[in-house]
Amino acid sequence: MNILILAHDAEGLYRPRHELLKALRQVGHRVIVSIPRGTYYDKVSALVDEVVDTPIERRGMNPVKDLQLIMFYRRLMKKTKPDCVLSYAIKPNLYGGIVAIKNHIPYMPNITGLGTAFDKGGLIRTYIVHLYKMISAKAHCAFLQNVANMEALEQLGIHWGKVILLPGSGVNLNDYRAFDYPSDDGKFRFVLISRIMRDKGIHELIDAARLLGKRVTNVEFHILGYCENGYAKKMGEWAKEHNIFYHGPQDDVRPFLKMCSGLIHPSYHEGMSNVCLEAAASARPILASDIPGCRETFDEGITGIGFAPRDANSLVEAIERFMSLSYEERKKMGLRGRNKMEREFDRQIIVNAYLSEIQRIAKKVL
């Protein structure tokens, strides 16, 4: 079959889904990917049959540009004649779904999280909900990453004909192996791996670092990730503080996971946090917001510690609670996290779910 995959970012497609791309080709499908040029574009290209440079903006709703994207998808599907369409992220899900359904092409969106539009409400959310209602009943199925997102969509009147709940994007247990816990030198080194933006909790992390910096001298915060608009300058200022270290975007975060005492992830909303899964697979304890998409990745007090989102004081309390544990307790917390990933979040689960649904489509098409 011809399988068309729509996404808004090459890195966001490649990192958590390169195993799926490989698997689709290995079983004999022709795979075409629609993404904008940028980092990881060539890596995606090396795995699939064709990559199409796509004019898509990740943020904002511009009626003219969004209409252009719909027309682009229309031309693309007319040219490539896909037997099914997979999509990731809100614009590919909505606009790709509209075109696929209109052309009677089996369509499978993956809703990786509801994002800021659903969080803030207003006209944009109303518009998005309206479009999802248009396509939900006619989609072959929808992949969702947590129960809370599924229930939130249903409460808004978005009813999918078939929903498949996935354990996020899963984690490659071979790429992320359990590291030995760092030796006890009296220092606590926490790592944040994220895009640098408000909704990922960067302000709460900085506030927590400042509060703790007044009390103790043995805590470091290591920050990795790309700065979204307006945050490069802020991050440069924050990194001047004695306990904050900014390392920029990293292609390979494993050396930082290896050296850290634990991961901090103060996000406001997630589908299922990939960085939490990767850290847990590396046998590192998780300190994360108690929100859907994070709380599923750890067991409270066993493999990690939760805290209230948007609350620096709650984050400080979680860090201090973690620091009060003995070295052996922190080490065991990480190892139990690795065991949880092996039981519940192996990425092959996700690959198998996609292959199963595509096989159902193939039986009807071929």
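Look up a bit, the structure's there.
Source: prediction; values computed, not measured.

Peer 1: When you look at the overall build of the protein chain in this model, what are you seeing that I'm missing?
Peer 2: On a plain count of helices and strands, the protein chain comes out with 14 helices and 13 strands. Computed over C-alpha atoms, the radius of gyration of the protein chain comes to 21 Å, within 12% of the 21 Å expected from 2.2 N^0.38 for 366 residues, which places it in the range of a compact globule. Taken along the three principal axes of its C-alpha coordinates, the protein chain extends 65 × 40 × 40 Å. Counting only residues that meet the buried cut, the protein chain has 54% of its 366 residues in that class. Looking at the protein chain alone, contacts between residues at least 24 apart form 68% of all its contacts between residues at least 6 apart. Averaging the positions of the 51 positive and the 41 negative side-chain charges in the protein chain gives two centres separated by 6 Å.

Peer 1: Please explain the pairing of strand β4 (residues 84–88) as it appears in this structure.
Peer 2: On a regular strand, one side chain projects to one face of the sheet and the next to the other, so that they alternate. The element β4 is largely enclosed, with a buried count of 5 among its 5 residues. Bridge count between strand β1 (residues 2–6) and β4: 4 bridges; the pairing is parallel. Within the sheet, the bridge partner assigned to Leu4 lies in β4 and is Val85. Here β4 pairs with strand β5 (residues 107–111) via 4 bridges, running parallel. Bridging across to β5, Tyr88 finds its partner in Asn110. A crossover links β4 with its parallel partner β5, the connecting element being helix α4 (residues 90–102), and its sense is right-handed.

Peer 1: What is the right way to look at unusual backbone geometry in this model?
Peer 2: Generally, phi is negative for residues other than glycine and the peptide bonds are trans, each holding for most cases. A positive phi angle, near 80 degrees, is found at Tyr40, a position not held by glycine. Looking at the secondary structure, you find Tyr40 in the loop between β2 (30–35) and α2 (41–47). On the accessibility criterion, Tyr40 (8% relative accessible area) is buried.

Peer 1: What exactly am I supposed to notice about empty space enclosed by the protein here?
Peer 2: It is the rolling of a water-molecule-sized probe over the atoms that shows where space remains empty. Scanning the entire structure with this criterion turns up 1 cavity of 30 Å³ or more. Of the voids in this model, the largest cavity is the one considered here, and its volume is about 70 Å³. Taken together, Pro16, Arg17, Leu20, Tyr88, Asn110, Gln145, Gly168, Ser169, Arg347, Ile350, Val351 and Tyr354 make up the full set of residues lining the largest cavity. Elements with a minimum of two residues in the lining of the largest cavity: α1 (10–26) and α14 (348–365). Across the lining of the largest cavity, the residue classes tally to 6 nonpolar, 4 polar and 2 charged.

Peer 1: Help me understand the packing of helix α8 (residues 202–213) against helix α9 (residues 231–238) in this model?
Peer 2: Two measures define how a pair of helices packs: the angle their axes make with one another and the distance between the axes. Relative to each other, α8 and α9 sit at 10 degrees, their axes nearing to 12 Å. As the angle between them shows, α8 and α9 are arranged roughly parallel. The interaxial crossing formed by α8 with α9 has left-handed handedness. Of α9, the residues touching α8 (which contributes Ile202, His203, Ile206 and Arg210) are Tyr231, Lys234 and Trp238. Grouping the constituent residues of the contact of α8 with α9 by class yields 4 nonpolar, 1 polar and 2 charged.

Peer 1: In this structure, what is going on with the pattern of salt bridges? I would like to understand it.
Peer 2: As a working rule, side chains carrying opposite charge can pair if their charged atoms are close by. By the definition in use, this model includes 24 salt bridges. The closest approach of N and O atoms between Glu11 and Arg15, which form a salt bridge, is 2.8 Å. Placement of the pair is Glu11 and Arg15 together in helix α1, with a separation of 4 residues, close to one helical turn. Arg15 sits in the partly exposed class, given a relative accessible area of 25%. Arg30 is the salt-bridge partner of Glu50, the closest N and O atoms lying 3.1 Å from each other. In this pair, Glu50 is assigned in strand β3 (residues 50–53) and Arg30 in strand β2, connecting sequence segments 20 residues apart. Sharing partners across several salt bridges, the network here consists of Asp185, Lys187, Arg189 and Glu220.

Peer 1: Just checking my understanding: could you explain the packing of α8 against helix α12 (residues 312–323) for this structure?
Peer 2: For the pair α8 and α12, the least separation of the axes is 8 Å and the interaxial angle reads 60 degrees. The orientation of α8 with respect to α12, classified from their angle, is oblique. For α8 against α12, the interelement crossing comes out right-handed. Of the residues in α12, those touching α8 at Glu204, Leu205, Asp207, Ala208, Leu211 and Leu212 are Ala312, Asn313, Leu315, Val316, Ile319 and Glu320. Here the contact of α8 with α12 is composed, by residue class, of 8 nonpolar, 1 polar and 3 charged.

Peer 1: How do you make sense of the sheet that holds strand β11 (residues 262–265) when you look at a structure like this?
Peer 2: Sheet strands associate in pairs through backbone hydrogen bonding, adopting either a parallel or an antiparallel arrangement. The sheet built from 6 strands is open, its strands ordered β10-β9-β8-β11-β12-β13 with parallel pairing. A strand with exactly one partner marks an edge of an open sheet, and here the two such strands are β10 (244–246) and β13 (304–307). Going from strand to strand, the sheet's axes swing by 25 degrees on average, the running direction of each strand aside. Sheet analysis places strand β12 (residues 286–289) next to β13, joined by 4 bridges and oriented parallel. Paired with Ser289 across the bridge in β13 is Phe307. Most of the contacts of α8 go to strand β9 (residues 219–224), to which it runs at about 160 degrees, and overall it touches β8 (188–193), β9, β10 and β11.

So, how was this worked out
- Residues numbered from 1 in each chain as written.
- Predicted model: local features only at pLDDT ≥ 70, side-chain atom pairs only at ≥ 80, totals over all residues.
- Heavy atoms only, no water.
- Helix = DSSP H or I, 4+ residues; strand = E, 2+ residues; numbered from the N terminus.
- Rg over C-alpha atoms; globule rule 2.2 N^0.38 Å.
- Buried < 20%, exposed > 50% of the residue type's maximum accessible area, 1.4 Å probe, protein only.
- Contact = heavy atoms within 4.5 Å.
- Lys, Arg positive; Asp, Glu negative; His and termini not counted.
- Charge placed at Lys NZ, Arg CZ, Asp CG, Glu CD.
- Pairing = 2+ DSSP bridges.
- Right-handed = clockwise from strand over helix to strand, strands pointing away.
- 1 Å grid on protein atoms, 1.4 Å probe; cavity = no way out; pocket = protein on both sides within 12 Å on 5 of 7 lines; lining within 4 Å.
- Points joined across faces, edges and corners; volume = space filled by probe spheres on them.
- Nonpolar A, V, L, I, M, F, W, Y, C, P; charged D, E, K, R; others polar.
- Axes fitted to C-alpha atoms, helices over the stretch in contact; angles between N-to-C directions.
- Parallel < 35°, antiparallel > 145°, perpendicular 65-115°, else oblique.
- Left-handed = near helix turned anticlockwise from the far one by under 90°.
- Salt bridge = Lys/Arg side-chain N within 4 Å of Asp/Glu carboxyl O.

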